[in-house]
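Letter by letter, the chains look like this.
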Amino acid sequence: MKLSVIGTGYVGLVTGTCFADVGNQVLCVDKDEAKVNKLQNGHIPIFEPGLERLVTANVAQERLHFTTDLKSAVQHAEVIFIAVGTPPDEDGSADLSHVLAVARAIGQHLSEYRAVVTKSTVPVGTAAKVREAIQAELDARGVEIEFSVASNPEFLKEGAAIDDFMKPDRVVVGADDERAIELLRTLYAPFNRNHERIIVMDIASAELTKYAANAMLATKISFMNELSNLAERLDADIELVRQGIGSDPRIGYDFIYPGCGYGGSCFPKDVQALHRTARQHGYEARILDAVEAVNQDQKSVLLNKIDAHYGGDLSGKRFAIWGLAFKPNTDDMREAPSLVIIQGLLERGATISAYDPVANHEATEYLGGAKGIALVDDPYDATDGADALVIVTEWKAFRSPDFERLAKQLKQPLIFDGRNIYEPAQLQTEGFKYYGIGRSN
(Lines give C-alpha, C1' and ligand atoms only; values in the text may rest on other atoms or scores of the structure.)
Protein backbone atom coordinates (compact mmCIF):
# COMPACT_ATOMS: atom_id res chain seq x y z
CA MET A 1 0.00 0.00 0.00
CA LYS A 2 0.97 3.62 -0.39
CA LEU A 3 0.80 5.72 2.74
CA SER A 4 2.08 9.01 4.07
CA VAL A 5 3.11 9.91 7.60
CA ILE A 6 3.04 13.59 8.54
CA GLY A 7 5.58 14.26 11.26
CA THR A 8 8.91 12.46 11.73
CA GLY A 9 9.17 12.63 15.50
CA TYR A 10 9.34 9.51 17.62
CA VAL A 11 5.89 8.14 16.71
CA GLY A 12 5.91 9.16 13.06
CA LEU A 13 9.38 7.84 12.32
CA VAL A 14 8.78 4.47 13.98
CA THR A 15 5.37 4.14 12.31
CA GLY A 16 6.59 4.99 8.81
CA THR A 17 9.69 2.82 9.08
CA CYS A 18 7.87 -0.26 10.35
CA PHE A 19 5.18 0.00 7.70
CA ALA A 20 7.88 0.30 5.04
CA ASP A 21 9.71 -2.72 6.45
CA VAL A 22 6.77 -5.01 5.57
CA GLY A 23 6.71 -3.82 1.96
CA ASN A 24 4.60 -0.66 1.88
CA GLN A 25 5.60 2.50 0.01
CA VAL A 26 5.90 5.15 2.70
CA LEU A 27 6.44 8.89 2.34
CA CYS A 28 7.27 10.72 5.57
CA VAL A 29 6.87 14.50 5.78
CA ASP A 30 8.54 17.03 8.02
CA LYS A 31 8.83 20.80 7.64
CA ASP A 32 12.46 20.72 8.89
CA GLU A 33 14.51 20.44 5.70
CA ALA A 34 17.79 19.71 7.50
CA LYS A 35 16.12 16.88 9.42
CA VAL A 36 14.65 15.45 6.22
CA ASN A 37 18.05 15.45 4.52
CA LYS A 38 19.62 13.64 7.48
CA LEU A 39 16.85 11.05 7.52
CA GLN A 40 17.18 10.43 3.81
CA ASN A 41 20.88 9.70 4.47
CA GLY A 42 20.08 7.29 7.30
CA HIS A 43 20.85 9.60 10.23
CA ILE A 44 18.08 9.61 12.82
CA PRO A 45 17.61 12.33 15.47
CA ILE A 46 16.61 10.00 18.32
CA PHE A 47 18.07 6.94 20.01
CA GLU A 48 15.81 3.92 19.64
CA PRO A 49 17.32 0.42 19.48
CA GLY A 50 17.13 -1.01 15.96
CA LEU A 51 15.54 2.04 14.35
CA GLU A 52 18.57 3.44 12.52
CA ARG A 53 19.24 0.07 10.90
CA LEU A 54 15.63 -0.20 9.69
CA VAL A 55 15.57 3.35 8.35
CA THR A 56 18.81 2.80 6.43
CA ALA A 57 17.65 -0.52 4.99
CA ASN A 58 14.25 0.73 3.85
CA VAL A 59 15.65 3.91 2.35
CA ALA A 60 18.12 1.76 0.43
CA GLN A 61 15.27 -0.47 -0.78
CA GLU A 62 13.37 2.68 -1.87
CA ARG A 63 10.35 1.83 0.25
CA LEU A 64 10.88 4.73 2.68
CA HIS A 65 11.18 8.33 1.54
CA PHE A 66 11.32 11.70 3.26
CA THR A 67 10.16 15.09 2.03
CA THR A 68 9.13 18.57 3.14
CA ASP A 69 6.38 18.69 0.49
CA LEU A 70 3.06 17.96 2.17
CA LYS A 71 1.14 18.32 -1.09
CA SER A 72 3.06 15.42 -2.60
CA ALA A 73 2.30 13.36 0.50
CA VAL A 74 -1.44 13.96 0.11
CA GLN A 75 -1.25 12.95 -3.54
CA HIS A 76 0.96 9.92 -2.83
CA ALA A 77 -1.10 7.91 -0.39
CA GLU A 78 -4.56 6.52 0.15
CA VAL A 79 -3.91 6.49 3.91
CA ILE A 80 -2.44 9.58 5.60
CA PHE A 81 -1.27 9.37 9.20
CA ILE A 82 -1.06 12.54 11.28
CA ALA A 83 1.79 12.04 13.76
CA VAL A 84 2.81 15.59 14.71
CA GLY A 85 3.43 16.69 18.28
CA THR A 86 0.73 17.66 20.77
CA PRO A 87 2.74 19.43 23.48
CA PRO A 88 1.00 20.55 26.67
CA ASP A 89 -0.44 24.06 26.73
CA GLU A 90 0.10 26.30 29.74
CA ASP A 91 -3.09 24.94 31.32
CA GLY A 92 -2.02 21.30 30.79
CA SER A 93 -4.35 20.63 27.85
CA ALA A 94 -2.98 19.21 24.60
CA ASP A 95 -1.95 21.79 22.00
CA LEU A 96 -3.71 20.75 18.79
CA SER A 97 -2.39 23.58 16.62
CA HIS A 98 0.02 21.34 14.69
CA VAL A 99 -2.60 18.62 14.18
CA LEU A 100 -5.19 21.06 12.87
CA ALA A 101 -2.63 22.85 10.67
CA VAL A 102 -1.90 19.52 8.98
CA ALA A 103 -5.64 18.85 8.61
CA ARG A 104 -6.14 22.20 6.90
CA ALA A 105 -3.21 21.51 4.57
CA ILE A 106 -4.70 18.14 3.65
CA GLY A 107 -7.99 19.87 2.82
CA GLN A 108 -6.16 22.35 0.62
CA HIS A 109 -4.49 19.62 -1.45
CA LEU A 110 -7.06 16.80 -1.43
CA SER A 111 -8.05 15.71 -4.95
CA GLU A 112 -9.50 12.23 -4.40
CA TYR A 113 -10.51 9.91 -1.54
CA ARG A 114 -8.11 9.64 1.37
CA ALA A 115 -8.35 8.08 4.80
CA VAL A 116 -6.88 10.53 7.32
CA VAL A 117 -5.77 8.80 10.52
CA THR A 118 -4.72 10.51 13.75
CA LYS A 119 -1.72 8.70 15.21
CA SER A 120 -0.79 11.51 17.57
CA THR A 121 -2.09 11.26 21.13
CA VAL A 122 -5.05 13.62 21.07
CA PRO A 123 -8.03 14.42 23.33
CA VAL A 124 -11.47 12.99 22.70
CA GLY A 125 -13.15 15.03 19.99
CA THR A 126 -10.00 15.76 17.98
CA ALA A 127 -11.02 13.59 15.03
CA ALA A 128 -14.20 15.65 14.71
CA LYS A 129 -12.08 18.82 14.65
CA VAL A 130 -9.81 17.29 12.00
CA ARG A 131 -12.85 16.41 9.93
CA GLU A 132 -14.21 19.97 10.27
CA ALA A 133 -10.86 21.51 9.33
CA ILE A 134 -10.55 19.39 6.18
CA GLN A 135 -14.17 20.01 5.19
CA ALA A 136 -13.80 23.77 5.73
CA GLU A 137 -10.92 23.85 3.24
CA LEU A 138 -12.88 21.79 0.72
CA ASP A 139 -15.85 24.15 1.10
CA ALA A 140 -13.56 27.14 0.59
CA ARG A 141 -12.35 25.52 -2.64
CA GLY A 142 -15.91 24.77 -3.69
CA VAL A 143 -15.27 21.06 -4.24
CA GLU A 144 -16.86 17.87 -2.96
CA ILE A 145 -14.35 15.09 -2.26
CA GLU A 146 -15.02 12.04 -0.11
CA PHE A 147 -12.63 11.39 2.78
CA SER A 148 -12.59 9.45 6.03
CA VAL A 149 -11.19 10.35 9.43
CA ALA A 150 -10.11 7.62 11.84
CA SER A 151 -8.19 7.24 15.09
CA ASN A 152 -5.35 4.74 15.43
CA PRO A 153 -3.49 5.55 18.66
CA GLU A 154 0.03 4.28 19.21
CA PHE A 155 1.10 2.14 22.16
CA LEU A 156 4.87 2.26 21.77
CA LYS A 157 7.33 2.05 24.66
CA GLU A 158 10.47 4.09 24.17
CA GLY A 159 13.37 1.67 24.07
CA ALA A 160 11.19 -1.15 22.70
CA ALA A 161 9.22 0.63 19.99
CA ILE A 162 10.20 -1.61 17.07
CA ASP A 163 9.07 -4.79 18.84
CA ASP A 164 5.92 -3.06 20.07
CA PHE A 165 4.99 -2.08 16.52
CA MET A 166 5.96 -5.35 14.87
CA LYS A 167 4.36 -7.52 17.56
CA PRO A 168 1.54 -5.40 18.96
CA ASP A 169 -0.58 -6.39 21.95
CA ARG A 170 -3.50 -4.72 20.20
CA VAL A 171 -4.23 -2.42 17.28
CA VAL A 172 -6.99 0.01 18.19
CA VAL A 173 -8.97 1.37 15.25
CA GLY A 174 -11.55 4.06 15.84
CA ALA A 175 -13.67 4.71 12.76
CA ASP A 176 -17.27 5.25 11.71
CA ASP A 177 -17.15 3.98 8.13
CA GLU A 178 -16.30 0.58 6.69
CA ARG A 179 -14.01 1.89 3.97
CA ALA A 180 -11.52 3.30 6.49
CA ILE A 181 -11.80 0.21 8.69
CA GLU A 182 -11.01 -2.13 5.79
CA LEU A 183 -8.05 0.00 4.68
CA LEU A 184 -6.55 -0.17 8.16
CA ARG A 185 -7.27 -3.90 8.43
CA THR A 186 -5.36 -4.41 5.17
CA LEU A 187 -2.51 -2.18 6.30
CA TYR A 188 -2.10 -4.00 9.63
CA ALA A 189 -2.58 -7.50 8.21
CA PRO A 190 1.18 -8.33 8.32
CA PHE A 191 1.19 -7.64 12.07
CA ASN A 192 -2.01 -9.57 12.70
CA ARG A 193 -1.19 -13.06 11.42
CA ASN A 194 -0.70 -14.94 14.71
CA HIS A 195 -4.04 -14.01 16.23
CA GLU A 196 -6.60 -11.23 15.97
CA ARG A 197 -5.17 -8.04 17.44
CA ILE A 198 -7.37 -5.41 15.80
CA ILE A 199 -9.99 -3.89 18.07
CA VAL A 200 -12.50 -1.74 16.19
CA MET A 201 -14.46 0.87 18.12
CA ASP A 202 -15.99 4.30 17.75
CA ILE A 203 -13.60 7.22 17.39
CA ALA A 204 -14.24 8.78 20.81
CA SER A 205 -13.54 5.46 22.55
CA ALA A 206 -10.31 5.01 20.59
CA GLU A 207 -9.11 8.49 21.53
CA LEU A 208 -9.93 7.86 25.19
CA THR A 209 -8.30 4.41 25.17
CA LYS A 210 -4.85 5.91 24.59
CA TYR A 211 -5.15 8.36 27.48
CA ALA A 212 -6.71 5.71 29.71
CA ALA A 213 -3.82 3.31 29.08
CA ASN A 214 -1.11 5.82 29.95
CA ALA A 215 -3.03 7.18 32.92
CA MET A 216 -3.50 3.64 34.29
CA LEU A 217 0.21 2.86 33.99
CA ALA A 218 1.15 6.18 35.58
CA THR A 219 -1.30 5.42 38.39
CA LYS A 220 0.38 2.10 39.11
CA ILE A 221 3.77 3.80 39.33
CA SER A 222 2.58 6.58 41.62
CA PHE A 223 0.69 4.11 43.81
CA MET A 224 3.85 2.05 44.33
CA ASN A 225 5.83 5.17 45.05
CA GLU A 226 3.24 6.17 47.63
CA LEU A 227 3.53 2.70 49.20
CA SER A 228 7.33 2.91 49.18
CA ASN A 229 7.21 6.11 51.23
CA LEU A 230 4.84 4.43 53.67
CA ALA A 231 7.03 1.31 53.82
CA GLU A 232 9.98 3.38 55.02
CA ARG A 233 7.90 4.73 57.89
CA LEU A 234 6.69 1.26 58.83
CA ASP A 235 10.15 -0.35 58.58
CA ALA A 236 8.84 -2.61 55.80
CA ASP A 237 10.65 -3.55 52.58
CA ILE A 238 8.81 -2.40 49.46
CA GLU A 239 10.68 -4.96 47.33
CA LEU A 240 9.14 -7.79 49.32
CA VAL A 241 5.77 -6.07 49.14
CA ARG A 242 6.18 -5.76 45.37
CA GLN A 243 6.80 -9.49 45.07
CA GLY A 244 3.88 -10.23 47.35
CA ILE A 245 1.34 -8.24 45.35
CA GLY A 246 2.86 -8.83 41.91
CA SER A 247 2.33 -12.57 42.26
CA ASP A 248 -1.41 -11.88 42.22
CA PRO A 249 -2.37 -12.25 38.53
CA ARG A 250 -5.00 -9.54 38.98
CA ILE A 251 -2.16 -7.09 39.69
CA GLY A 252 0.90 -8.48 37.93
CA TYR A 253 4.52 -7.34 38.08
CA ASP A 254 4.51 -4.69 35.35
CA PHE A 255 4.81 -1.03 36.36
CA ILE A 256 4.94 -1.69 40.11
CA TYR A 257 8.60 -0.82 40.59
CA PRO A 258 9.02 2.11 42.97
CA GLY A 259 11.58 4.74 42.14
CA CYS A 260 12.29 8.45 41.85
CA GLY A 261 9.32 9.25 39.61
CA TYR A 262 8.31 8.82 35.98
CA GLY A 263 9.08 11.19 33.12
CA GLY A 264 9.18 11.17 29.33
CA SER A 265 7.01 12.58 26.61
CA CYS A 266 3.86 10.56 27.37
CA PHE A 267 2.86 9.91 30.98
CA PRO A 268 3.25 13.45 32.39
CA LYS A 269 1.65 15.09 29.35
CA ASP A 270 -1.17 12.59 28.99
CA VAL A 271 -2.14 12.56 32.67
CA GLN A 272 -2.33 16.36 32.62
CA ALA A 273 -4.28 16.41 29.36
CA LEU A 274 -6.81 13.83 30.56
CA HIS A 275 -7.22 15.72 33.82
CA ARG A 276 -7.82 18.91 31.85
CA THR A 277 -10.33 17.17 29.58
CA ALA A 278 -12.26 15.96 32.62
CA ARG A 279 -12.45 19.51 33.99
CA GLN A 280 -13.60 20.86 30.65
CA HIS A 281 -16.53 18.45 30.89
CA GLY A 282 -17.41 19.34 34.46
CA TYR A 283 -15.77 16.40 36.18
CA GLU A 284 -12.97 16.53 38.76
CA ALA A 285 -10.71 13.51 38.17
CA ARG A 286 -9.26 13.30 41.67
CA ILE A 287 -7.17 10.20 41.08
CA LEU A 288 -5.40 11.84 38.15
CA ASP A 289 -4.68 14.88 40.30
CA ALA A 290 -3.15 12.63 42.97
CA VAL A 291 -1.10 10.65 40.43
CA GLU A 292 0.52 13.81 39.14
CA ALA A 293 1.08 15.30 42.61
CA VAL A 294 2.70 12.11 43.93
CA ASN A 295 4.98 11.93 40.91
CA GLN A 296 6.14 15.52 41.28
CA ASP A 297 6.97 14.88 44.93
CA GLN A 298 8.70 11.60 44.13
CA LYS A 299 11.19 13.31 41.83
CA SER A 300 12.60 14.99 44.95
CA VAL A 301 12.76 11.87 47.13
CA LEU A 302 16.49 11.38 46.52
CA LEU A 303 17.15 15.02 47.32
CA ASN A 304 15.30 14.56 50.60
CA LYS A 305 17.45 11.53 51.45
CA ILE A 306 20.62 13.41 50.55
CA ASP A 307 19.51 16.38 52.69
CA ALA A 308 18.79 14.08 55.63
CA HIS A 309 22.17 12.37 55.36
CA TYR A 310 24.22 15.57 55.12
CA GLY A 311 22.04 17.78 57.26
CA GLY A 312 21.12 20.00 54.31
CA ASP A 313 24.59 21.48 53.75
CA LEU A 314 26.01 20.31 50.44
CA SER A 315 28.56 23.07 49.88
CA GLY A 316 31.79 21.59 48.59
CA LYS A 317 30.22 18.19 47.94
CA ARG A 318 30.44 16.54 44.55
CA PHE A 319 27.94 13.90 43.51
CA ALA A 320 28.28 11.30 40.75
CA ILE A 321 25.03 10.77 38.86
CA TRP A 322 24.51 7.62 36.84
CA GLY A 323 21.63 7.96 34.41
CA LEU A 324 20.09 11.09 32.86
CA ALA A 325 17.43 9.79 30.45
CA PHE A 326 13.97 9.30 31.96
CA LYS A 327 14.29 5.52 31.38
CA PRO A 328 16.83 3.06 29.92
CA ASN A 329 17.30 2.49 26.18
CA THR A 330 16.41 6.05 25.19
CA ASP A 331 18.07 9.44 25.11
CA ASP A 332 14.79 11.19 25.94
CA MET A 333 15.14 13.64 28.85
CA ARG A 334 11.71 15.23 28.69
CA GLU A 335 10.36 15.53 32.25
CA ALA A 336 13.26 13.32 33.45
CA PRO A 337 13.68 13.02 37.24
CA SER A 338 17.40 13.67 36.72
CA LEU A 339 16.62 17.30 35.83
CA VAL A 340 14.90 17.89 39.18
CA ILE A 341 17.70 16.17 41.09
CA ILE A 342 20.44 18.06 39.27
CA GLN A 343 18.73 21.40 39.81
CA GLY A 344 18.23 20.63 43.50
CA LEU A 345 21.84 19.63 44.07
CA LEU A 346 23.18 22.69 42.29
CA GLU A 347 20.86 24.98 44.27
CA ARG A 348 22.25 23.45 47.47
CA GLY A 349 25.81 24.33 46.46
CA ALA A 350 26.93 20.91 45.26
CA THR A 351 28.73 20.06 42.05
CA ILE A 352 27.97 17.09 39.80
CA SER A 353 29.73 14.64 37.52
CA ALA A 354 27.11 12.87 35.41
CA TYR A 355 27.14 9.93 33.01
CA ASP A 356 24.54 8.38 30.74
CA PRO A 357 25.24 5.79 28.03
CA VAL A 358 23.36 7.72 25.31
CA ALA A 359 21.77 10.90 26.73
CA ASN A 360 24.82 13.13 27.33
CA HIS A 361 24.16 15.09 24.13
CA GLU A 362 20.52 15.64 25.09
CA ALA A 363 21.63 16.65 28.57
CA THR A 364 23.84 19.36 27.12
CA GLU A 365 20.79 20.92 25.47
CA TYR A 366 18.57 20.63 28.55
CA LEU A 367 21.11 21.88 31.06
CA GLY A 368 22.09 24.84 28.92
CA GLY A 369 25.69 25.10 30.11
CA ALA A 370 24.75 25.12 33.80
CA LYS A 371 27.74 25.77 36.05
CA GLY A 372 28.78 23.09 38.46
CA ILE A 373 28.02 20.03 36.31
CA ALA A 374 30.36 18.02 34.12
CA LEU A 375 29.18 15.36 31.68
CA VAL A 376 31.66 12.49 31.37
CA ASP A 377 32.03 9.58 28.95
CA ASP A 378 32.70 6.82 31.48
CA PRO A 379 30.74 5.97 34.64
CA TYR A 380 33.89 5.58 36.71
CA ASP A 381 35.11 9.00 35.62
CA ALA A 382 31.98 10.34 37.30
CA THR A 383 32.56 8.49 40.58
CA ASP A 384 36.30 9.17 40.86
CA GLY A 385 36.68 11.50 43.85
CA ALA A 386 32.92 12.04 44.30
CA ASP A 387 31.34 12.18 47.75
CA ALA A 388 28.51 9.82 46.79
CA LEU A 389 26.92 7.99 43.87
CA VAL A 390 23.32 8.75 42.87
CA ILE A 391 21.52 6.22 40.63
CA VAL A 392 18.72 7.86 38.62
CA THR A 393 18.20 5.61 35.56
CA GLU A 394 18.28 1.80 35.72
CA TRP A 395 20.54 1.10 32.74
CA LYS A 396 21.67 -2.55 32.61
CA ALA A 397 25.31 -1.44 32.62
CA PHE A 398 24.80 -0.11 36.16
CA ARG A 399 23.40 -3.31 37.64
CA SER A 400 26.68 -5.10 38.40
CA PRO A 401 29.39 -2.47 38.85
CA ASP A 402 32.83 -3.02 40.35
CA PHE A 403 31.90 -2.24 43.94
CA GLU A 404 35.51 -2.61 45.12
CA ARG A 405 36.57 0.04 42.61
CA LEU A 406 33.67 2.27 43.60
CA ALA A 407 34.57 2.02 47.28
CA LYS A 408 38.10 3.15 46.50
CA GLN A 409 37.00 5.97 44.19
CA LEU A 410 34.29 7.53 46.37
CA LYS A 411 35.35 9.70 49.31
CA GLN A 412 33.03 7.54 51.36
CA PRO A 413 31.21 4.38 50.23
CA LEU A 414 27.77 5.95 49.88
CA ILE A 415 25.05 5.20 47.31
CA PHE A 416 21.62 6.79 46.82
CA ASP A 417 19.72 4.37 44.60
CA GLY A 418 16.65 5.91 42.97
CA ARG A 419 15.71 2.70 41.13
CA ASN A 420 16.39 -0.04 43.71
CA ILE A 421 18.78 -1.87 41.43
CA TYR A 422 20.98 -3.02 44.33
CA GLU A 423 20.23 -5.17 47.36
CA PRO A 424 20.79 -3.39 50.68
CA ALA A 425 22.28 -6.51 52.32
CA GLN A 426 24.85 -6.92 49.54
CA LEU A 427 25.84 -3.26 49.71
CA GLN A 428 26.29 -3.48 53.47
CA THR A 429 28.52 -6.53 52.97
CA GLU A 430 30.56 -4.48 50.50
CA GLY A 431 30.92 -1.77 53.14
CA PHE A 432 28.55 0.80 51.61
CA LYS A 433 26.02 3.06 53.26
CA TYR A 434 22.96 2.54 51.06
CA TYR A 435 19.74 4.48 50.60
CA GLY A 436 17.09 2.91 48.38
CA ILE A 437 13.41 3.69 47.79
CA GLY A 438 11.24 2.05 50.45
CA ARG A 439 13.95 -0.48 51.35
CA SER A 440 14.66 -1.62 54.89
CA ASN A 441 18.38 -1.44 55.66
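Everything below is about the structure printed above this text.
Conventions used here
- Residues numbered from 1 in each chain as written.
- Predicted model: local features only at pLDDT ≥ 70, side-chain atom pairs only at ≥ 80, totals over all residues.
- Heavy atoms only, no water.
- Disulfide = S-S within 2.5 Å.
- Buried < 20%, exposed > 50% of the residue type's maximum accessible area, 1.4 Å probe, protein only.
- Helix = DSSP H or I, 4+ residues; strand = E, 2+ residues; numbered from the N terminus.
- Contact = heavy atoms within 4.5 Å.
- Pairing = 2+ DSSP bridges.
- Axes fitted to C-alpha atoms, helices over the stretch in contact; angles between N-to-C directions.
- Parallel < 35°, antiparallel > 145°, perpendicular 65-115°, else oblique.
- Left-handed = near helix turned anticlockwise from the far one by under 90°.
- Right-handed = clockwise from strand over helix to strand, strands pointing away.
- Nonpolar A, V, L, I, M, F, W, Y, C, P; charged D, E, K, R; others polar.
- Phe/Tyr/Trp six-rings, centres within 6.5 Å; stacked < 30°, edge-to-face > 60°.

A look at the state of the cysteines
Argument step 1. Applying the stated criterion across every chain, the model contains zero disulfides.
Argument step 2. Of the cysteine sulfurs around Cys28, a residue in no disulfide, the closest is that of Cys18, at 11 Å.
Argument step 3. Free cysteine Cys260: the closest other cysteine sulfur is in Cys266, separated by 18 Å.
Argument step 4. Exposure remark for Cys260: the relative accessible area of 0% places this residue in the buried category.

Looking at the environment of Arg276
Argument step 1. Relative to the helices and strands, Arg276 resides in helix 11 (residues 267-280).
Argument step 2. What makes Arg276 partly exposed here is its relative accessible area of 28%.
Argument step 3. Sequence separation between Arg276 and Gly92 is 184 residues; the distance between their C-alpha atoms is 6.4 Å.
Argument step 4. Residues contacting Arg276, with those up to four places away along its chain left out, are Asp91, Gly92 and Ser93.

Focus on the sheet that holds strand 14 (residues 433-435)
Argument step 1. Pairing within the open sheet is parallel, and its six strands lie in the order 11-10-9-12-13-14. Edge strands, defined here as strands with exactly one partner in the open sheet, are strand 11 (373-375) and strand 14. Strand-to-strand twist in this sheet, taken as the mean axis angle between neighbours without regard to direction, amounts to 20°.
Argument step 2. Here strand 13 (residues 414-417) runs beside strand 14; their pairing, made up of three bridges, is parallel. Within the sheet, the bridge partner assigned to Leu414 lies in strand 14 and is Lys433.
Argument step 3. Contacts from helix 13 (residues 301-310) reach strand 9 (318-322), strand 12 (388-391), strand 13 and strand 14 within the one sheet, and its direction differs from that of strand 13 by about 155°.
Argument step 4. Most of the contacts of helix 14 (residues 337-347) go to strand 9, to which it runs at about 175°, and overall it touches strand 9, strand 10 (351-355) and strand 11.

Examining the packing of helix 11 against helix 12 (residues 286-298)
Argument step 1. Remark: helix 11 packs on helix 12, axes separated minimally by 9 Å, with the N-to-C direction vectors making an angle of 150°. In terms of their interaxial angle, helix 11 and helix 12 are classed as roughly antiparallel. Seen from above, helix 11 lies across helix 12 with left-handed handedness. Across the interface between the two elements, Val271, Gln272, Leu274 and His275 from helix 11 touch Leu288, Asp289 and Glu292 from helix 12.

Thoughts on the pairing of strand 10
Argument step 1. Within strand 10, four of the five residues are buried, which leaves the element mostly enclosed by the surrounding structure.
Argument step 2. Bridging between strand 9 and strand 10 involves five bridges; their strand directions are parallel. Paired with Arg318 across the bridge in strand 10 is Thr351.
Argument step 3. Crossover handedness for the path strand 9 to helix 14 to strand 10: right-handed.
Argument step 4. By the bridge criterion, three bridges tie strand 10 to strand 11 in an arrangement that is parallel.

Points about the pairing of strand 6 (residues 147-151)
Argument step 1. Within strand 6, five of the five residues are buried, which leaves the element mostly enclosed by the surrounding structure.
Argument step 2. As judged from the five bridges shared by strand 5 (residues 114-118) and strand 6, these two strands associate in the parallel manner. Bridge pairing in strand 6 places Ala115 opposite Ser148.
Argument step 3. Regarding topology, helix 6 (residues 126-141) serves as the crossover connection from strand 5 to the parallel strand 6, and that connection is right-handed.

Quick word on the packing of helix 1 (residues 10-21) against helix 3 (residues 51-60)
Argument step 1. Following both chains from N to C, one finds helix 1 and helix 3 inclined at 55°, their axes separated by 10 Å at the closest point. Viewed along their axes, helix 1 and helix 3 adopt a mutual orientation that is oblique. The handedness of the crossing between helix 1 and helix 3 is left-handed. Side by side, helix 1 and helix 3 meet where Leu13, Val14, Thr17, Ala20 and Asp21 of the first sit next to Leu51, Leu54, Val55 and Asn58 of the second.
Argument step 2. In terms of residue class, the contact of helix 1 with helix 3 is built from six nonpolar, two polar and one charged.

A few points about the side chain of Lys210
Argument step 1. Along the polypeptide, Lys210 turns up in helix 9 (residues 203-234).
Argument step 2. According to the relative accessible area criterion, Lys210 is buried, its value standing at 3%.
Argument step 3. The contacts of Lys210, once residues within four sequence positions are left out, are Thr121, Pro153, Glu154, Phe155 and Asp270.

Focus on the packing of aromatic side chains
Argument step 1. In total, this model carries 16 aromatic pairs according to the counting rule given.
Argument step 2. Here Phe403 and Tyr422 contribute two aromatic rings whose centre-to-centre distance is 5.2 Å and whose plane-to-plane angle is 80°, an arrangement assigned as edge-to-face. Of this pair, Phe403 sits in helix 17 (residues 403-409) while Tyr422 is found in the loop between strand 13 and helix 18 (424-429), placing the two residues 19 residues apart along the sequence.
Argument step 3. Residue classification places Phe403 among the buried residues on the basis of a relative accessible area of 6%.
Argument step 4. Following the ring pairs from residue to residue traces out a cluster consisting of Phe19, Phe81, Phe165, Tyr188 and Phe191.

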